[in-house]
Amino acid sequence: YTFVNERLAAHYGIPDIHGGRFQRVRLPDRRRGGLLAQAGILTITSNPNRTSPVKRGKWVLENLLGTPPPPPPDNVPALPEAAPGETALSQREILAEHRANPVCASCHTQMDPIGFSLEHYDGIGAWRDSDAGQPIDASGSLVTGESFSGLGELRDLLVTSRRDQFVRCLAEQMLIYALGRGLTHADACSVDRITGSVARGEYRFSVLVEGVVNSVPFQKARRGDGAHPSRHPIASP
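Residues numbered from 1 in each chain as written. Predicted model: local features only at pLDDT ≥ 70, side-chain atom pairs only at ≥ 80, totals over all residues. Heavy atoms only, no water.

## Some points on the packing of aromatic side chains
If you walk through the whole model with that rule in mind, you get 2 aromatic pairs. Measuring from centroid to centroid gives 6.0 Å for Tyr 1 and Phe 3, while their planes differ by 80 degrees, and the two rings are edge-to-face. The exposure class assigned to Tyr 1 is exposed, which follows from its relative accessible area of 57%. Measuring from ring centre to ring centre gives 5.3 Å for Tyr 121 and Trp 127, while their planes differ by 85 degrees; the resulting arrangement is edge-to-face. Judged by relative accessible area, which is 1%, Tyr 121 ranks as buried. Lying over the aromatic face of Tyr 1, Arg 24 brings its terminal NZ or CZ to 3.6 Å of the ring centre. (Phe/Tyr/Trp six-rings, centres within 6.5 Å; stacked < 30°, edge-to-face > 60°. Buried < 20%, exposed > 50% of the residue type's maximum accessible area, 1.4 Å probe, protein only. Lys NZ or Arg CZ within 6 Å of the ring centre and 35° of its normal.)

Dropping the structure here:
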């Protein structure tokens, strides 16, 4: 279920919602629900005039799996745009040409397939069935071999075969929020303990919060004692 008012429901394609008051509604399918189906997340990971499987895949790697890809090399050309009168290519076709360059392929093979699973959502997160006049192909696979099609199956992977990786990344993000600073390698043991306690606690969110509050960095934090913020604080094992 989710909470929507009339304006948001219209954007999400949920019928029979009236008025400005947010109300709880049951979702009829797996198109919505969770961060990755929120219009806000889908919009900030798009370009001004089109979706960006690259940005969306990168966002998942950074914020949900804790494995950010390396920065792109210098002078990477922009993706080609169709000239007036030319037949537009889908994002999958454009990126297939981009990955033909071996320098680009090493990173794009990590990001693009994840982003393709979100191609049913346009640049502002509304549902669509086609791109450039072609049916959406939302299939892909992780570099570790697991395949999926669409957001629902990607979600399933995040909470099954990628669950511990996701929980560690979430523990890092929660600890950063609680401390008000980036993490250092000295915090790695605390992240290990929090992650382990969450697994033993059947992955309940309350166990995660308790682990953060009881951690050494949180218990011993002092004003003015924060480390310099780090975008990618700890390399996951």
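## Focus on the confidence of the model for the protein
Counting all residues, the mean pLDDT for the protein is 86, and 84% of those residues have values of 70 or more. When mean pLDDT is taken per element in the protein, helix H9 (residues 205–213) scores highest with 97 and helix H4 (residues 91–98) scores lowest with 71. (pLDDT = per-residue confidence, 0-100. Helix = DSSP H or I, 4+ residues; strand = E, 2+ residues; numbered from the N terminus.)

## Regarding helix H7 (residues 163–179)
Look at H7: 24 Å from first C-alpha to last across 17 residues, which is about the 24 Å you get at 1.5 Å a residue. The secondary structure elements touched by the buried residues of H7 are helix H3 (53–63), helix H8 (188–200), H9 and helix H10 (216–219). In the stretch just after H7, Gly 180 is the one whose phi turns positive, near 70 degrees. (Expected span 1.5 Å × (residues − 1). Contact = heavy atoms within 4.5 Å.)

## Describing the nonpolar core
Formed by 23 residues in total, the largest nonpolar core has its most connected members in Leu 36 and Val 60. Secondary-structure elements contributing two or more residues to this core are helix H2 (39–44), H3, helix H5 (102–116) and helix H6 (150–158). Grouped together as the second largest cluster of nonpolar side chains are 11 residues, Ala 171, Leu 183, Val 191 and Val 212 included. (Core = buried A, V, L, I, M, F, W, Y, C linked by side-chain atoms within 4.5 Å.)

## Thoughts on the packing of H7 against H8
Contact pair H7 / H8: the axes reach a minimum separation of 9 Å and the direction vectors enclose 125 degrees. Judged by the inter-axis angle, H7 sits oblique to H8. Pair H7 / H8 crosses with right-handed handedness. Contact with H7, carried on its side by Asp 164, Val 167, Arg 168, Ala 171, Glu 172 and Leu 175, involves Ala 188, Val 191, Asp 192, Ile 194, Thr 195 and Val 198 of H8 and no other residues of that element. Class assignment of the residues belonging to the contact of H7 with H8 gives a composition of 7 nonpolar, 1 polar and 4 charged. (Axes fitted to C-alpha atoms, helices over the stretch in contact; angles between N-to-C directions. Parallel < 35°, antiparallel > 145°, perpendicular 65-115°, else oblique. Left-handed = near helix turned anticlockwise from the far one by under 90°. Nonpolar A, V, L, I, M, F, W, Y, C, P; charged D, E, K, R; others polar.)

## Thoughts on a nonpolar patch on the surface
Taken together, the side chains of Phe 205, Val 209, Val 213 and Phe 218 define a hydrophobic patch exposed on the protein surface, amounting to about 320 Å² of accessible area. Inspection of the secondary structure puts Phe 205 in helix H9. (Patch = residues over 30% accessible without salt bridge, like charges linked within 9 Å, V, L, I, M, F, W, Y side chains within 5 Å. Areas by Shrake-Rupley, 256 points an atom, 1.4 Å probe, with all protein chains shown as cover. Salt bridge = Lys/Arg side-chain N within 4 Å of Asp/Glu carboxyl O.)

## Quick look at H9
Along an α-helix, residues three or four positions apart point the same way, because every turn accommodates 3.6 residues. Listed in full, the buried residues belonging to H9 are Val 207, Leu 208, Gly 211 and Val 212. In an axial view of H9, the angular spread of the buried residues amounts to 135 degrees, which keeps them on one side of the axis. Looking at the packing, one finds that the buried side of H9 touches H7, H8 and H10. (Arc of directions from axis to C-beta.)

## A look at unusual backbone geometry
In this structure, Asp 16 takes a positive phi of about 65 degrees despite not being glycine. Counting through the fold element by element, Asp 16 comes out in the loop between helix H1 (6–12) and strand S2 (23–25). A positive phi angle, near 55 degrees, is found at Ala 132, a position not held by glycine. In this fold, Ala 132 is placed in the loop between strand S3 (130–131) and strand S4 (134–135).

## Quick word on the packing of H7 against H9
Relative orientation of the contacting elements H7 and H9 amounts to 50 degrees, with a least axis distance of 10 Å. When the interaxial angle is binned, H7 and H9 end up oblique. Like other packed secondary-structure pairs, H7 and H9 cross with a definite hand, here right-handed. Contacts between H7 and H9 pair Leu 170, Ala 171, Met 174, Leu 175 and Ala 178 from the former with Phe 205, Leu 208, Val 209 and Val 212 from the latter. Among the residues making up the contact of H7 with H9, the classes are represented as 9 nonpolar, no polar and no charged.

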